[in-house]
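Residue strings, one per chain:
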Amino acid sequence: MTEQPGSARPAPGRARVAAGLAADGVLWVGALLGLAGLVLVVAGWLLGTTALVVRSGSMEPTIGTGALALARPVAARDVEVGDVVSVVAPSGQRVTHRVVGLRRDGEVARLTLRGDANSRPDAEPYTVSAVDRVVVAVPVAGRVVAVLSSPVGRGLSVAVLGGAVAVRAAVRRRRGGTAVQGRHAATTSALLVAGAVLLPGVASGGAPANTLASFTDTATATSATFAAHAVVSQAQPGCADVNGVLVLGNVARVSWTQVDRAYEYTWELRTTSTGALVASGVVGTGAAAGSPVSVDIGTALLGTADSYQVVVRARLAGTPAWVATTTTSTAVRRQTVAILGVSVRCGA
Amino acid sequence: MSAHRAPRRRRSLRDVPVRVLLCLGLLLGFGAVGTMAYWTDTGTLTGGSFTAGTLDVGLDAALAGPGGTYAATTFAAGNLVPGESAAFTLQVKNLGSVPFTYTARGTSSGELATSTSATSAQRLQLTVKVGSTGSTTGAESTHDRVGSCSASGTQTYSGPLGATDTSVVPTAQTIATGGTQNVCLLVTLPSAAPNALQGKSATTTLVVDAKQVGAP
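Source: prediction; values computed, not measured.

Conventions adopted
- Residues numbered from 1 in each chain as written.
- Chains lettered and ligands numbered in written order.
- Predicted model: local features only at pLDDT ≥ 70, side-chain atom pairs only at ≥ 80, totals over all residues.
- Heavy atoms only, no water.
- Helix = DSSP H or I, 4+ residues; strand = E, 2+ residues; numbered from the N terminus.
- Buried < 20%, exposed > 50% of the residue type's maximum accessible area, 1.4 Å probe, protein only.
- Areas by Shrake-Rupley, 256 points an atom, 1.4 Å probe, with all protein chains shown as cover.
- Contact = heavy atoms within 4.5 Å.
- pLDDT = per-residue confidence, 0-100.
- Phe/Tyr/Trp six-rings, centres within 6.5 Å; stacked < 30°, edge-to-face > 60°.
- Disulfide = S-S within 2.5 Å.
- Core = buried A, V, L, I, M, F, W, Y, C linked by side-chain atoms within 4.5 Å.
- Pairing = 2+ DSSP bridges.
- Axes fitted to C-alpha atoms, helices over the stretch in contact; angles between N-to-C directions.

Regarding the overall build of chain A
Phase 1 of the analysis: Summing up its helical and strand segments, chain A has four helices and 18 strands in all.
Phase 2 of the analysis: Burial analysis of chain A (348 residues in total) assigns 45% to the buried set.
Phase 3 of the analysis: Just so you have it, chain A exposes about 15900 Å², and 60% of that area is on carbon and sulfur atoms.

Set out below in structure tokens:
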């Protein structure tokens, strides 16, 4: 432009001044973002750092969701417990957590990781020969990078910055100024835009990577008690002499009360002196609880001895192996009545 | 626009707008391609959400917040005779703001579950069925309890539990944010339970491990 310095031109309108200031503001924001982008690029070239966009919050409060973490690669032998490292899981997902367990094996290390906000470590350990160790995390910056790197974000940022540069240049031209000033303005604008556009380009080129700081939680339920039944013994049986039509029909009726409908009872007739088993049977199956259960000891059951014990043991009718641990018993005896015959009577 | 405009002259590279626009074009081309060579990282940046929420697994609406132990007092049965069984429903709930997947493991202690006087098939057995509810017919007093899990859902485990962790839900189950999944727990005292188990007791502990969907 071949304008003379100080040539008389009408002062720019307020709208134009405002537009110029707004354009300036946008370009400053673009410049700062561009500078940040350039720093990321340079750090990546010089130090091999990786920028990580933290997508969830299991490393809070140390690293918040949406933060941008800078990590640089370290060999497995330089990793310490307490470091925050970023690894790529077999699934391809990148995880950034703190090292809580470490086992070295030559050049390789097995790392157990846990997020600061998680109550338990990650399910599987990671075996690595090198990891990216987080050096610094900048809150919110990750969200900014994610927005700028999306296709919409990139298009918008280029359009907005381009528009701002055009507006600024137009305003400057209108306000006058030297050719040199114009060139400086153009160079500055170009540098600002370069950085701002480079940042999205850097981002989508793969440098900042998504990482999860993934959540876990554990819940425990404890039961109350599961208990098996214990067979309960019946009370001491009572005995009653019951007379039949004939003396031979005189029996000793041994009876007790059914403890549980699910029980039945084995009874055994044993000689008092030797305990030899003379007769036995099962009685009471299906009897309602509280109802009487009895067995009649008649002469046909007796052996040669005179004195016997009737021993009763409860058991589960459905599972006969489950028997009561104790028995109850009562005594019966042979009674011989001259001419009339033999009876069984209660008592020893 | 002023009426006294200077005459238009031809544009050249020294013009601000032209230069800047050219730079823009150059940088767009450079930015998209040039940086690809410098990083060989995996994972794509585009797409994906920020999840600044909480992951919280609850049981029967208890255990809000991380970790915790829930005393499931109804998960019990007394006076079991061989052949009896009882079924219960445990609700696994997503009380947080992110969807999760969970697996579960169980242990049992007490002679009814661990006695060496019985084989593992003769001791207390547990059947786990996810997506199902449990119900029990009969009563303790009549010794005729029969537990069953509803027809829906998938059985994930059936067998004894011991002192060491047994995976009772090995396949990860997904629960959406705010969602619930019923798990049927069926406890059986086998008919073959030997007399040595009379009067013995046991308690069972289940641990639910939940992790964020998409986490490795």
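Structure shown, so let's carry the discussion forward.
Focus on the overall build of chain B
Phase 1 of the analysis: When you go through chain B residue by residue, the secondary structure sums to two helices and twelve strands.
Phase 2 of the analysis: Start at the N end of chain B and walk to the C end: the helices and strands fall as α-β-β-β-β-β-α-β-β-β-β-β-β-β.
Phase 3 of the analysis: Expressed as a percentage of its 216 residues, the buried residues of chain B come to 42%.
Phase 4 of the analysis: For chain B, the share of sequence-separated contacts (at least 6 apart) that also reach a separation of at least 24 residues comes to 81%.
Phase 5 of the analysis: Within the structure as shown, chain B displays about 10300 Å² of accessible surface, and the carbon and sulfur contribution to it stands at 56%.

What to know about the confidence of the model for chain A
Phase 1 of the analysis: Across chain A, pLDDT averages 81, with 81% of residues at or above 70.
Phase 2 of the analysis: In the predicted structure, residues 203–207 of chain A sits below a pLDDT of 50 and forms 15 contacts with residues beyond four places in sequence or in another chain.

A look at the packing of aromatic side chains
Given two aromatic rings, one states the distance between the centres and the angle between the planes to describe the pair.
Phase 1 of the analysis: Applying the stated criterion to the full structure yields four aromatic pairs over all chains.
Phase 2 of the analysis: Ring plane angle 80° and centroid distance 5.2 Å describe the contact between Phe-226 of chain A and Phe-75 of chain B, whose orientation is recorded as edge-to-face. Of the two residues, Phe-226 of chain A sits in strand E10 (residues 226–228) while Phe-75 of chain B sits in the loop between strand E2 (69–72) and strand E3 (77–80), which places them in two different chains.
Phase 3 of the analysis: Taking the relative accessible area as the measure of exposure, Phe-226 of chain A reaches 0% and is therefore buried.
Phase 4 of the analysis: Considering the side-chain rings of Phe-226 of chain A and Phe-88 of chain B, the 6.0 Å spacing of their centres and the 75° angle between planes classify their relative orientation as edge-to-face. Here Phe-226 of chain A is found in strand E10, whereas its partner Phe-88 of chain B is found in strand E4 (residues 85–94) on a different chain.

Focus: the state of the cysteines
Phase 1 of the analysis: Evaluated as defined, the whole model comprises two disulfides over all chains.
Phase 2 of the analysis: The disulfide bridge from Cys-239 of chain A ends at Cys-346 of chain A, spanning 1.9 Å between sulfur atoms. When the S-S torsion is -85°, as for the bridge of Cys-239 of chain A with Cys-346 of chain A, the disulfide is left-handed. In this pair, Cys-239 of chain A is assigned in strand E11 (residues 238–242) and Cys-346 of chain A in strand E18 (residues 341–346), connecting sequence segments 107 residues apart.
Phase 3 of the analysis: Exposure remark for Cys-346 of chain A: the relative accessible area of 15% places this residue in the buried category.
Phase 4 of the analysis: Between Cys-149 of chain B and Cys-184 of chain B runs a disulfide, and the two sulfur atoms are separated by 2.0 Å. Its S-S torsion of approximately -80° makes the covalent link between Cys-149 of chain B and Cys-184 of chain B left-handed. Note that Cys-149 of chain B is positioned in strand E8 (residues 146–149) and Cys-184 of chain B in strand E11 (residues 180–188), a separation of 35 residues in sequence.
Phase 5 of the analysis: Assessed through its relative accessible area of 0%, Cys-184 of chain B is described here as buried.

Focus: the nonpolar core
Phase 1 of the analysis: Core analysis: the biggest nonpolar cluster contains 71 residues, and Leu-269, Ile-297 and Val-332 of chain A together with Leu-59, Phe-75 and Tyr-102 of chain B have the highest contact counts within it.
Phase 2 of the analysis: The element best represented in this core is strand E16 (residues 307–316) of chain A, accounting for five residues.
Phase 3 of the analysis: Other than its neighbours up to four places away in sequence, Tyr-102 of chain B contacts Val-92, Val-130, Val-169, Thr-171, Ala-172, Gln-173, Ile-175, Gln-181, Val-183, Val-208, Asp-209 and Ala-210 of chain B.
Phase 4 of the analysis: Val-74, Val-87, Leu-111 and Leu-113 of chain A belong to the second-largest nonpolar core, a separate cluster that totals 14 residues.

Focus on the sheet that holds strand E15 (residues 292–297) of chain A
Residue and element names in this part refer to chain A.
Phase 1 of the analysis: Here three strands make up an open sheet; going across it, the order is E11-E12-E15 and the pairing antiparallel. Only two strands of the sheet have a single partner each, and these edge strands are E11 and E15. Strand-to-strand twist of the sheet, defined as the mean angle between neighbouring strand axes without regard to direction, takes the value 25°.

Thoughts on the pairing of strand E12 (residues 251–257) of chain A
A regular strand places its side chains on the two faces of the sheet in alternate fashion.
Residue and element names in this part refer to chain A.
Phase 1 of the analysis: Summarising the sheet, E11 and E12 pair through five bridges and their orientation is antiparallel. What sits directly across from Cys-239, in E12, is Val-254.
Phase 2 of the analysis: Sheet topology note: the E12/E15 ladder contains six bridges and is antiparallel. When the bridges of E15 are listed, Ser-255 appears paired with Ser-294.

Digging into the sheet that holds E4 of chain B
Residue and element names in this part refer to chain B.
Phase 1 of the analysis: Spatial strand order, E1-E4-E11-E6-E9: five strands in an open sheet with antiparallel pairing. Both edges of this open sheet fall to strand E1 (57–59) and strand E9 (154–160), since each of them pairs with a single strand only. Taking each pair of neighbouring strands and ignoring which way they run, the sheet shows an average axis angle of 20°.
Phase 2 of the analysis: Examined bridge by bridge, strand E6 (residues 125–130) and E9 share six bridges and lie antiparallel to one another. Following the sheet pairing, Lys-129 is matched in E9 by Gln-155.

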